[in-house]
Amino acid sequence: MDPFDTPGESVTVRAPAGTITGRRTGSVRRFLGIPYAEAPTGARRFAAPARRGRFTEPFDASRHGATAQQVPLFATTTVPEPSVPGDDVLNLGIVAPDADDDRGPCPVLVWIHGGAFLAGSPASPWYDGRAFARDGVVCVTVGYRLGVDGFAVLDDVPANLGLRDLLLALDWVQDNISAFGGDPDRVTVAGQSAGGAAVLALLSSPAGSGRFHRAVSLSGGTFTADGDAARDFLGRLGRRLGVPATRAGFAGRAVEHIQRCVLDLRDEQGEDLPALGLFVGDDILPVPVVDGLTLHGRAVPLLLGATGDEFDGDATTRTAGTRTAGTRTAGTRVTDTLFRAACPRVAASRRDAAAGTWLYSFEWPSPVLGGATHCIDIPFFFDVLDAPGVAEALGPNPPGELATATHGDLAAFVRGEEPAWARATGTHGDTAREYGRPGAPLAADTTGVFDPVVPAGSGAAEEC
């Protein structure tokens, strides 16, 4: 049974944000759907997020809050991504050890979901932090604005509103997490796919300074939106909606209506994904991410990596690497140019940083998806192999011992431990921890894992 279907017993905390009532199940407490900002509606839509006022009445945090995704990006996704209706989309959920736990203030993991900055849901059962709570970590999942509402490039709208939401959520954590047993001086920000890209963007940003202390990027990247392409897409979307491509024009249409039209345009014009995402050139991202990493976040330890096959699995072969072995060696797959090449590039940009950078590569092949494909590492890192949707993506018997290894390394990193393998510098021969490679130990420290995407004679990987 999904743990969210079990009411549990009521549990209340008193935080600077106000009195908040959640649920306790065994030794795990959950506080869900807590607004950290005012609802982005009316005059607040397409505006920088406004800090939520203190609750004047006890806030019921027994269920997930509204999600920015109102219309799923695809009919079927590897990660279950429930949409929850409502306007209060700038909310977060907290899963924490019981208050009677005697381990003292716990380190904090703040999780940013993926979804191409267009979709995704913090309410996914794959992001349930019960295993982190079991291991003495407070887990926070954050909702942020997506698509047009979060990443439109318009003259009269602040850029990167979704990133601004995340920064405000991190401020809320700093102010309130002590009330839930968390340590505000030990906050790790982590995410996967677009969430991993957001982590790297926050790490590279002058605005991220002091808001977190460690960082983890799973299958992230340094990709950003092209401003001209984004404006062109928004112009076509405006014409489809019958409004000018301005703040006032888009504000006159419901979020759900806009999201449906975005998908219609994608399907009709054969575009893989609309050209929306992180925008370079404002106060949040004044320079490209890799350039920003040479300037900021230098004292923040970073763990990053990718799956072995990302978007290059082959469900017809039921084995990893058979279809793409040659192109993997050459570093020419979509997986390499979008995701894996970013790992040595980021490591090279931080080569002289005081804090270390460590690489991993998740190699276990799903017998269902035909490779170590995008997103399948999440239930291993969260140690939730019994969550809904896992068997459909990973088969009936995913290896629990691999979840123990991957989750254990991530939890140790969040607790402040240095990974046992060598730091990366973005050059040939860097060591990476490989998880689940067939025929190898469950966790093997291997040199040269990312060599195919580090060009000969260079200390940096190719441009994505």
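This is a predicted model, so every value here is computed, not measured.

**A short note on empty space enclosed by the protein**
Applying the stated criterion to the full structure yields six cavities of 30 Å³ or more. Of the volumes computed, that of the largest cavity is approximately 110 Å³. Lining the largest cavity are Val 71, Leu 73, Leu 118, Leu 146, Gly 147, Val 148, Asp 149, Val 255, Ile 258, Gln 259, Val 262 and Leu 263. Secondary structure elements with two or more residues in the lining of the largest cavity: helix H2 (147–151) and helix H7 (255–269). No other element matches the five residues that H7 contributes to the lining of the largest cavity.

**Examining the pattern of salt bridges**
Tallying each qualifying case throughout the model produces 29 salt bridges. Linking Arg 24 and Asp 98 is a salt bridge whose minimum nitrogen-to-oxygen distance equals 2.4 Å. Of this pair, Arg 24 sits in strand E2 (residues 18–25) while Asp 98 sits in the loop between strand E5 (91–97) and strand E6 (106–112), and the two are 74 residues apart along the sequence. Arg 24 sits in the buried class, given a relative accessible area of 17%. The closest approach of N and O atoms between Asp 128 and Arg 130, which form a salt bridge, is 2.6 Å.

**Thoughts on the packing of aromatic side chains**
For any pair of aromatic rings, the description consists of the separation of the ring centres together with the inter-plane angle of the planes. In total, this model carries 16 aromatic pairs according to the counting rule given. Their ring planes at 70° and their centres at 5.4 Å tell us that Tyr 360 and Phe 381 sit as a pair that is edge-to-face. Residue Tyr 360 is located in strand E11 (residues 357–362), and its partner Phe 381 is located in helix H12 (residues 378–381); the two are separated by 21 residues in the primary sequence. The interplanar angle of 45° and the centroid separation of 5.2 Å between the aromatic rings of Phe 362 and Phe 380 together place this pair among those described as tilted. With Phe 362 in strand E11 and Phe 380 in helix H12, the pair connects residues that are 18 residues apart, well separated along the chain. Per residue, the accessibility class of Phe 362 equals that of Phe 380, and both read buried. Feature note: the residues Trp 111, Tyr 127, Phe 132 and Phe 382 constitute an aromatic cluster, connected by ring pairs. Lying across the ring of Phe 413, Arg 214 places its NZ or CZ 4.5 Å from the centre.

**Observations regarding the environment of Gly 182**
Tracing the backbone through its elements, the reader meets Gly 182 in strand E8 (residues 182–192). Put simply, Gly 182 and Val 138 are 44 residues apart on the chain and 5.9 Å apart in space, counted from C-alpha to C-alpha. Contacts of Gly 182, omitting those with residues within four sequence positions, involve Pro 105, Cys 106, Val 108, Val 138 and Ile 177.

**Things to note about the packing of helix H5 (residues 227–241) against H7**
Helix-helix packing is described using two parameters, namely the angle between the two axes and the distance between the axes. Running from amino to carboxyl end, H5 crosses H7 at an angle of 110°, the nearest separation of the two axes being 10 Å. On the basis of their axis angle, the class for H5 and H7 is roughly perpendicular. Considering the relative orientation of H5 and H7, their crossing is right-handed. In this structure, H5 uses Phe 233, Arg 236, Leu 237, Arg 240 and Leu 241 to contact H7, whose residues at the interface are His 257, Ile 258, Cys 261, Val 262, Asp 264, Leu 265, Glu 268 and Gln 269.

**What to know about helix H3 (residues 161–176)**
Under the 1.5 Å per step criterion, the end-to-end length of H3 is 22 Å for 16 residues, consistent within 8% with the ideal 22 Å. In terms of residue burial, H3 counts as a mostly covered element, since 14 of its 16 residues are buried.

**Some words on unusual backbone geometry**
Positive phi outside glycine occurs at Phe 46, with the angle close to 60°. Looking at the element boundaries, Phe 46 is found in the loop between strand E3 (28–35) and strand E4 (59–60). The phi dihedral of Glu 310 falls on the positive side, at around 40°, and the residue is not glycine.

**What to know about the environment of Asp 291**
By the element assignment, Asp 291 lies in helix H8 (residues 289–293). Overall, Asp 291 belongs to the partly exposed group, its relative accessible area being 41%. Along the backbone, Asp 291 and Ser 205 are 86 residues apart, and their C-alpha atoms lie at a distance of 9.9 Å.

Definitions and limits used
Residues numbered from 1 in each chain as written. Predicted model: local features only at pLDDT ≥ 70, side-chain atom pairs only at ≥ 80, totals over all residues. Heavy atoms only, no water. 1 Å grid on protein atoms, 1.4 Å probe; cavity = no way out; pocket = protein on both sides within 12 Å on 5 of 7 lines; lining within 4 Å. Points joined across faces, edges and corners; volume = space filled by probe spheres on them. Helix = DSSP H or I, 4+ residues; strand = E, 2+ residues; numbered from the N terminus. Salt bridge = Lys/Arg side-chain N within 4 Å of Asp/Glu carboxyl O. Buried < 20%, exposed > 50% of the residue type's maximum accessible area, 1.4 Å probe, protein only. Phe/Tyr/Trp six-rings, centres within 6.5 Å; stacked < 30°, edge-to-face > 60°. Lys NZ or Arg CZ within 6 Å of the ring centre and 35° of its normal. Contact = heavy atoms within 4.5 Å. Axes fitted to C-alpha atoms, helices over the stretch in contact; angles between N-to-C directions. Parallel < 35°, antiparallel > 145°, perpendicular 65-115°, else oblique. Left-handed = near helix turned anticlockwise from the far one by under 90°. Expected span 1.5 Å × (residues − 1).

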